[in-house]
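Read off the chains here:
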Amino acid sequence: MASRLVLAAQGTPQASESDVKAAYLYQFTKYVEWPATFAGAANAITLCVLGDSGVAGALEKIAGDEAGAGRKVLVRQDPDAPHAPECHILFVGRGEERQLAVLFKTLDGKSTLIAGDDMSFLRRGGMVAFIVQDRKLRFSISLVAAEAAHLRISSQLLRHAVQVIR
Amino acid sequence: MSVVICTTALVLAGSAFVSYYVVAERRSITRGLGVQAETIGLESVSALAFNDDRAANETLAGLRADRNVVAAAIYAADGTRFASYESLASGAPALASTAERDIPDRIQFERRTARANHAIVVNGRRVGSVHIVYSLDDVRADLARFLLITVGVLAVSVIGALLVARRAQRALSGPIAHLAAAALAVSRSNDYRVRVESNHAVGELGMLIDTFNQMLSQIQARDHELDAAAHRYQALNEQLERRVTERTAELQVINKELEAFTYSVSHDLRAPLRRIDGFSGMLAGKYGPQLTGEGTHFLSRIREGTQHMGRLIDDLLNLARLGRKEVSQRATDLSAIVQRIRDGLSREAEGRVVRWTCGPLPIVDCDPALIDVVLTNLLSNAVKYTRPRAEAVIEVGAIEKPGAPPIIFIRDNGVGFSMKYVDKLFGAFQRLHRADEFEGTGIGLATVQRIIHKHNGRIWVDAELDKGATFYFTVAAGTVALEPINEGAVPV
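Note that the coordinates shown come from a computational prediction; the quantities given were computed from them, not determined experimentally.

1. A look at the pairing of strand β2 (residues 81-86) of chain B
Residue and element names in this part refer to chain B. In this sheet, β2 lies alongside strand β1 (residues 69-76) in antiparallel orientation, the contact comprising five bridges. Of the residues in β2, the one forming a bridge with Ala72 is Tyr85. Linking β1 to β2, which pair antiparallel, is a turn of four residues; within it Gly79 sits at a positive phi near 95°.

2. Re the confidence of the model for chain A
Residue and element names in this part refer to chain A. Predicted confidence across chain A gives a mean pLDDT of 84, with 90% of residues reaching 70 or more. Mean pLDDT values over the elements of chain A span from 84, in helix α3 (residues 100-107), up to 93, in strand β8 (residues 152-153). Across residues 1-13 the pLDDT falls below 50, and counting only partners more than four positions away or on other chains, this stretch makes 32 contacts in the model.

3. Concerning unusual backbone geometry
All names here are of chain B. You will see that Asn51, though not glycine, has its phi angle at about 60°, which is positive. Looking at the element boundaries, Asn51 is found in the loop between α1 (2-49) and α2 (53-61). Accessibility expressed as a C-beta count within 10 Å gives 25 for Asn51, which makes it buried. Positioned with a positive phi, Asn456 is a non-glycine residue whose angle comes to about 60°. Tracing the sequence through the fold places Asn456 in the loop between α9 (444-454) and β11 (458-464).

4. Focus on the nonpolar core
Ranked by size, the top nonpolar core spans 77 residues in total, and within it Leu25(A), Leu59(A) and Ile89(A) carry the most contacts. Sort the elements by how many residues they give to this core and β1(B) lands first, with eight residues. With sequence-adjacent residues up to four places away left out, Leu59(A) is seen in contact with Ala22(A), Leu25(A), Tyr26(A), Leu47(A), Val49(A) and Val75(A). Core analysis: the next-biggest nonpolar cluster, separate from the first, contains 40 residues, Leu361(B), Val374(B), Ile443(B) and Leu445(B) among them.

What counts and what doesn't
Residues numbered from 1 in each chain as written. Chains lettered and ligands numbered in written order. Predicted model: local features only at pLDDT ≥ 70, side-chain atom pairs only at ≥ 80, totals over all residues. Pairing = 2+ DSSP bridges. Helix = DSSP H or I, 4+ residues; strand = E, 2+ residues; numbered from the N terminus. pLDDT = per-residue confidence, 0-100. Contact = placed C-beta atoms within 7 Å. Buried ≥ 20, exposed ≤ 12 C-beta atoms within 10 Å, placed from the backbone. Core = buried A, V, L, I, M, F, W, Y, C linked by C-beta atoms within 7 Å.

Structure (C-alpha cells):
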C-alpha cells in the first residue's frame, strides 16, 4: 500500500494517505443528507474515528481550518458504543475489524455513515470503503447500506465512486 | 458635394454598424464564456474534492458541443493542471501546465482567441480554477463577411450616387454654367444678342433660362430704342447748334451794322449839333442883352438841350466803340482805381456828407481802362442816388470764395428802386428815375454790362425802393492776387 498519494484536492502534494482520507471524510458531509431522526447534534458535524489516530489528527486539523466556515466540526476518537450513533460519520481504521460486529449491531437502524478500508468492508455492512487505484485514493459506496440507514447520498458523490453497490 | 456627404454618411453608418457588431459580439462572448466557466466550475467542485480527474475530464468533454471552444482546463488550488480538454479541430493552442495562482476572474481577448479564467470558490476558499480558450475564428469570419457586405453596399451606393450626381450635373450644373457664361459675356461685351440654349434644362431651370433670354430680348429692344433716341437727339442737337451758329453770325453782322450805323449817325450828328451850340452861344453873347426875359429863357433851354444831346452822342459813341474794342487784359489793382475815382467824385459831392467804406480789393486780370469805366459809372451812380440822404453811406468791397472769381460789390443807402424794374436797368436809354430828379443819359449801366460781358463776367443787382442798392460783378478772366493766402485757390 502506497503511503504517499497524489492529492489533488486540499492540502499539499506531499499529503499522506491519512490526510486524504480525512479530507474525503470531511467532504462527504457536504454530499450526504442525514434524516431528521438522526440522534446527534443538528447544528454541528460530528466526525468519529475508530483506531487510526493519523486520520483523527488530520480531521482535527481540518476542523480547525474550517472553524467559522459553515457548520461546526467536532472530532471524536474512539467514541463509546452508546455515543456512536451521535457520529455523523464513523471511520473504522485498520486493525479495528474485531469491533465491527459489535459496532454494526449498535448502529443498526441508526443514521451514521460508516466508512472503512477495502471493498471487503462494504461486504461486511459498511457504506463507504476507501480503495487505492492507480496510486490514487478512491472510494466505493454501498447504496444498499446507506439506504438502510436512511442516508441520502448525492448523485454528485456517487459519480466519483469507483463502484456503487445498489 | 452631395456625393461626398452621401459617402461620408454611409461610411459613418457602416463604421457604426461594424463597431456595434464588434461590441455586441464581444459582450455576447464574454457573457457566454462566463456562464460556461462558472458551470464547469460548479460541476468540478466535487471532482476536485475527491481528486476525480476522470470526472473532471468528462465535464470538460461536454464543451465539445461548442465548436468554438478549442481548449479548456481545470487547475487545482495549488495550480497544477487537474483536467484538460482540447478540441480535435484546433491546432492545439498552448494550455499552461500550471495555472497562476490567484488570478482574478476575467476574459481576455487576444487576436484569434478569447481566454476565460474563473476561480472555483467554495465557502470563500479557492479550490481551483477553470480556464477556457475560445476561438474567435467564427466571429472573425462573420465580421469579415459583414465588413465585405458593408463595403459592398457602400461601393454600390457611392457609385449610384455618382451616377445620379452626374446626371444631375448634366441636367442642372451644365445649363447653369451656360447661363453664368452667357451672363458674364453679356456684362463684359454689352452684346445683348447672346441667347442661352436650354435643350437639357427642365422645370425651374428651364424657366430661369427662358426668363433670362426674354430679359435679354427686352434689353436688346430697349437698347435699340435708346440708340435711335440718342441718334435723333444728336441730330436735333446738331441742327440746333447749326441754327444757333447761323443766328449768331447773323446777329453779329446785324450788330456790327447797328454799331457802324450808331457810330456814323452819332458822328454825323455831332457837326450840326456843334453848329447849333456855337451859334446859340454866339447869339447869347452878342444879342443876349437885347433879348427879352422870355427870349433869354428860350435860348438857355436851347443851349441846355444841345449840351445834353452832346453828352448823349458822346456816350453813344463810347458804347459803339466798345463793340469794336479788343479787351487787353493785365493785372489791375482795383483798389487804386477806386481810390482815384473816389477822389474825383468827392469834388462833385462837395458840401454833402458821404461816408466811404472801402474794403480790400483784389488785383484782377482785366482791361484797366474798361474797368475804370465800370467803376466810375457804378460809383458815380452811388453818389448821385444818395443825394437826398443827409448822410450818404457807400461801401465798396470784395467777396472771395476759393475756386470762384472774386465778387466786387458797391453798396449805397440811396433811393434804390423796386426789383420789379430790374430787367430794364441795364438797357440802353432805359431810366428808372425822371431826368429832373437825377440827371443821366440812360446809357451808363448798358455800357457797364457790355464791358463786364466782354470780360466774360457777370453783373447783377439787389435793391429795394428807398433802401438803397447793391451792385455785384465778377470779372471771370481771373485774379492775379489779393493776398498770398488766396493765390493758390483762385483759378487764373
